[in-house]
Amino acid sequence: MWSKILLILCWVYQGAELFGQSSDVTVIVLDGEGNDPLPLATVLITPGDHGEITDEQGRTTFTLEKGSYNVTANFLGYREVSMDLEVVGDTTIQLSLMPEGEILQTIEVVGNNVSDRIKRPILGVQRLNEQQLKELPAVMGETDVLKGLQLLAGVSSAGEASNGISVRGGSIDQNLVLMDNVPIFNPTHLFGLFSVFPTDGVQSAELYQGNIPARFGGRVASVLDVQIKSPNADKLHLTGGVGLVSSRLSIETPIVKDKLYVFAAARASFNDFWFDLIQKLKDTKANFGDGVIKFRYQPTGKHIFNFTGFYSKDYYQINLINRFAGFTADKNIYDYKTLNLSFDWNYRIDNTSYIQTVISKAGYDPQIRLPQPLTGEEAIFSSGIDLYDVSTIWNKQQDSSLTYQVGLQLNYYRNAPGDLDPGNTGDINPFSLPEERAAETSVFSDVTWSPSPQWSFSFGLRYAHYFQLGPFTVRRYNEEESRSNGSVISEEEYGSGKVIKSFGGLEPRLGMRWGTEKTALKFAYALNRQYLQNIFNSTTPLPTSRWKTSDVHIRPQKSHLLSAGIQSQVSQNFEMGTEVYGRLIDGLLEYRPGADFFLKKFVETDLLQGDGRTYGIELNFRKHQGKNTGWINYSYSRSFIKIQNDRVNDQINEGAWYPSNFDQPHQLNAVYTLNDGAHHSLSLNFTLSSGRPYTVPNGDIKIDDVFVPIYFERNNGRLPTYHRLDMSWTIKNPSLKNKRWVGEWIFTVYNIYGRKNAQNIYYGPRAGSGFGEVFKNSNLGAYRISIFAAPVVSLTYQFKFS
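Since the model is a prediction, treat every value here as computed from it, not as a measurement.

What counts and how
Residues numbered from 1 in each chain as written. Predicted model: local features only at pLDDT ≥ 70, side-chain atom pairs only at ≥ 80, totals over all residues. Heavy atoms only, no water. Helix = DSSP H or I, 4+ residues; strand = E, 2+ residues; numbered from the N terminus. Buried < 20%, exposed > 50% of the residue type's maximum accessible area, 1.4 Å probe, protein only. Contact = heavy atoms within 4.5 Å. Areas by Shrake-Rupley, 256 points an atom, 1.4 Å probe, with all protein chains shown as cover. Pairing = 2+ DSSP bridges. Axes fitted to C-alpha atoms, helices over the stretch in contact; angles between N-to-C directions. Salt bridge = Lys/Arg side-chain N within 4 Å of Asp/Glu carboxyl O. Core = buried A, V, L, I, M, F, W, Y, C linked by side-chain atoms within 4.5 Å.

Enquirer: Can you tell me about the overall build of the chain, naming the residues and giving the values?
Expert: Counting its secondary structure elements, the chain contains five helices and 53 strands. For the chain, the residues scored as buried account for 54% of the 802 residues in total. Excluding contacts between residues fewer than 6 apart, the proportion of contacts in the chain whose partners are at least 24 apart in sequence is 64%. Carbon and sulfur atoms provide 57% of the accessible area of the chain, an area that totals close to 34400 Å².

If you want it as structure tokens, here you go:
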């Protein structure tokens, strides 16, 4: 009897134990397009009202009893996803969220889900994530963000020796380039051939060229937002590459398990030996290097801290005779560097909202060194700009159809236009231009609302107020005359911190989308202001071009942009789209004829401001699946400037509209990739575009038996048509037995058929060979400068180890 009672009690005990047994359920939330983890996503499990926020790896874990549950995941700007779950033991589930997106015009080089991109309220295609970067055609053995973007409609190089991109006819300073929320003032290496973004360290890149979100300000053309990979590896990972042009290495590893992680990447180029092989370039040098490090610390589920440091340095030496202030230099040495630091803190308030606070500093310091050939002494011209920024944003997801954010941003500018250290070169005195200081405060809000599957709206509003600060000397000029040293009425000194001039205004942003699963119509409007500008008097801006803050005499730029488009999924593998746009700009900077900004204290005497207008149409066709993929796009784009004033001396081209330096009416890009899915990938990309405008002399005059060109018009000529074919061949190594080490060879050819594309055309005394027009009654000739006039071959071995 007692044995039966004991047996019954054991059965009851075991049943109760089984009934109350708990299991660990791990939920991983990913971006549905690029499979990137979504940190700070909200995960709710019912019944029981369990709620958690994902960590930086997109993970969160629940302890649940056996039974049936519903799991829901949502994230700001993404569509909510739900699934039923039967818990019978420890398990891991994965939820992929597709972006709702803001109604923004963005650019994506490759996409994985055409249907979803059409449904989203975004004018244009969208983000370039880590995986899509790897699929880009390689240039010089590396995939590159800027080179990838230049293969898209509306985005072009500002010139082969320039330091940026032109977006829809805008100048390079009209683009806000960010790396981990910090501006990059010079985003390129090696005459624009490489970008500064680490190949193995970019997690995502978004180019907004339409309705720029209200959280971004200070530029009128576009925003390129590049995010560095957030370290989250649970073990050591090494990636790198060894090439003929540059070599790189990156490392990702945990420091404190589940708490502290680090990612670091470095790249260097040592190209002097290539130039030594060419007798004419024996003393030419062109080297660069950069490095980035990022720490992520997550002490609790509610707090995530990130620190990012970035350093970049370039050194170019060119044999070029330069006469300067009484002495002659036989070389020009360009030496410039970038140092950026940022710290951000993400704090989860509850399951539907969080706050992000960022503190950052951006610094850019270009330098020109001019050595004397006999003494070895050198004069050094240095300049620099620093930007300090503090911002905080509150993000809230009300439900699956409504999200909004509110933020505050404070900027402080410190601009050093130039300092001259003559060393022991002669009778030249040291000289320093006064620093320019300014502050900018901004408040902003973005709202995304989707009332139905067919309709989506985005509303943004930004208010920015800008202050020019002392110490500074302000000249007052006679308004009846052109600004010059002879028209000065008075000078006024302002003390440190005193407000000299202020500007401000509202910047509304609006977007809307209507569509079906296969086709979408989209519209966007944006007003933007720009308080920091780059001034130059060459065809394309150089890395040493001078930055200028708005002041009493230089008002900020203001832009109104309207754009509309249609995007359609033709079939499962094909998509096409068309976009039209128009932009009006007030306050564009131009230089007076003969302007010289070098060591110019009151630079406003050499500057003029006027109006700008750009407009165009872009056509895109893409095949995105299968062994054969690629795209073709064409854009017709115009960019004009008008400098008109009552005073004749304050006009250019008699006050008529004329093409800007970035006016390239026709542009065609074609990209083809053949990937066998196993060992080989071959990519070809072809670019064809109208030549950029340049200025042709209207005649010449003889002075002391020397013929000198004279100019009455600006940008009255056009460089020859630009075209180039590049190739990239990737060979994956199948023979390695060690699966922890993966290697591949990348063979690239830049400018396969050696097209001598003109970077510029200049006029000077004829010396036996010239290009283009030659003045019949003088010895003046036109000469073409080409930067990459021959094929550039590179071979790189890249690897991964974990």
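Now that the structure is up, let's keep going.
Enquirer: Explain the sheet that holds strand 1 (residues 22-31) residue by residue, including any values.
Expert: The mixed open sheet is built from three strands, whose spatial order is 4-1-7. This sheet does not close on itself; its edge strands, each paired only once, are strand 4 (59-65) and strand 7 (91-97). Strand after strand, the sheet turns through a mean of 25° between neighbouring axes, direction not considered. For strand 1 and strand 4, the ladder comprises seven bridges, and the chain directions are antiparallel. Following the sheet pairing, T26 is matched in strand 4 by T61.

Enquirer: Quick one: what's the story with the pattern of salt bridges, residue by residue and with numbers?
Expert: Applying the stated criterion to the full structure yields 25 salt bridges. For D290, the salt bridge identified is with R267, shortest N-O distance 2.7 Å. Linking D290 in strand 21 (residues 285-300) with R267 in strand 20 (residues 260-270), this pair joins segments that are 23 residues apart in sequence. Note on D290: relative accessible area 7%, which makes it buried.

Enquirer: Could you give me a rundown of the sheet that holds strand 5 (residues 67-74), with the residues and numbers involved?
Expert: On the basis of which strands lie adjacent, the open sheet formed by four strands has the order 3-2-5-6 and antiparallel pairing. Edge positions in the open sheet fall to strand 3 (50-53) and strand 6 (81-87), since each of these has one partner strand only. With direction set aside, neighbouring strand axes in the sheet form an average angle of 20°. Pairing between strand 2 (residues 42-46) and strand 3: four bridges, direction antiparallel. Among the inter-strand pairings, I45 is bridged to a residue of strand 3, identified as H50.

Enquirer: Go over the nonpolar core with me, naming the residues and quoting the values.
Expert: F185 and L190 are the most contacted members of the largest nonpolar core, which totals 35 residues. At the level of elements, strand 21, strand 25 (332-350), strand 26 (353-371), strand 27 (378-399), strand 28 (402-421) and strand 31 (455-469) are the ones that each hand at least two residues to this core. Core analysis: the second largest hydrophobic core is formed by 25 residues, M179, F197, L224 and I228 among them.

Enquirer: I'd like a description of the pairing of strand 18 (residues 237-243), backed by residues and values.
Expert: With six bridges connecting them, strand 18 and strand 19 (residues 247-256) associate as antiparallel partners. Note that in strand 19 the partner of G240 across the bridge is L249. The loop that links strand 18 with its antiparallel partner strand 19 comprises three residues. Taken together, the six bridges between strand 18 and strand 53 (residues 792-801) define a ladder with antiparallel strand orientation. By the bridge assignment for strand 53, G240 is matched with F799.

Enquirer: Give me unusual backbone geometry: which residues, what numbers.
Expert: Residues G470 and P471 are joined by a peptide bond in cis, for which omega reads 5°. Structurally, P471 can be placed in the loop between strand 31 and strand 32 (472-477). Of note in the backbone geometry, E654 takes a positive phi value of approximately 60° without being a glycine. Inspection of the secondary structure assignment puts E654 in the loop between strand 41 (628-642) and strand 42 (658-659).

Enquirer: I'd love a proper account of the pairing of strand 19, names of residues and values included.
Expert: As paired strands, strand 19 and strand 20 are joined by nine bridges and run antiparallel to one another. Among the inter-strand pairings, R248 is bridged to a residue of strand 20, identified as R267. Connecting strand 19 to the next strand, strand 20, in antiparallel fashion are three residues, including D258 with a positive phi near 65°.

Enquirer: Tell me about the environment of I554, and please be specific about residues and values.
Expert: Along the polypeptide, I554 turns up in the loop between strand 37 (546-549) and strand 38 (557-569). Separated by 34 residues in sequence, I554 and L588 place their C-alpha atoms 9.6 Å apart.

Functional significance is not addressed by these values, which are geometric in nature.
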